[in-house]
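# Close look at the chain arrangement
This is what each chain is made of:
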Amino acid sequence: MQLQRSRAIDLPDGLTSSRSKLVYLYLELSGAATVDELKAELDMQLLTLYGVLRRLRETNLVTKSDGRWLVEES
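Cut-offs applied
Residues numbered from 1 in each chain as written. Predicted model: local features only at pLDDT ≥ 70, side-chain atom pairs only at ≥ 80, totals over all residues. Heavy atoms only, no water. Salt bridge = Lys/Arg side-chain N within 4 Å of Asp/Glu carboxyl O. Helix = DSSP H or I, 4+ residues; strand = E, 2+ residues; numbered from the N terminus. Buried < 20%, exposed > 50% of the residue type's maximum accessible area, 1.4 Å probe, protein only.

What follows concerns the pattern of salt bridges. Pairs can form between side chains of opposite charge whenever their charged atoms are close. Taken as a whole, this structure holds two salt bridges when the rule is applied. One salt bridge connects R68 with E37, and the closest N-O pair in it is separated by 3.2 Å. Here E37 lies in helix α2 (residues 35-42) and R68 lies in strand β2 (residues 68-71), a separation of 31 residues in the sequence. Judged by relative accessible area, R68 falls into the partly exposed class, the value being 30%. By relative accessible area, which is 33% here, E37 ends up partly exposed. Its salt-bridge partner being R54, residue E58 comes within 3.4 Å of it at the nearest N-O pair. Within this pair, E58 and its partner R54 are both found in helix α3 (residues 46-58), separated by four residues, close to a single helical turn.

Below, the structure written as structure tokens:
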């Protein structure tokens, strides 16, 4: 069994909910994802997911481009 070395990711200060952290981390590691991919991979309901994405976008942490969500460049 081969162990993968993990990379440290600094979470933005504004992330307080576990769901927001989960979505942010997934997008940071995957590069980008559609809502359907997020729903399937994170096992989240669409209403919850849309609320999380809305809050992340309002705080300029994520953006949507060509139907895919990604972490906003800093």
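After presenting the structure, the write-up continues.
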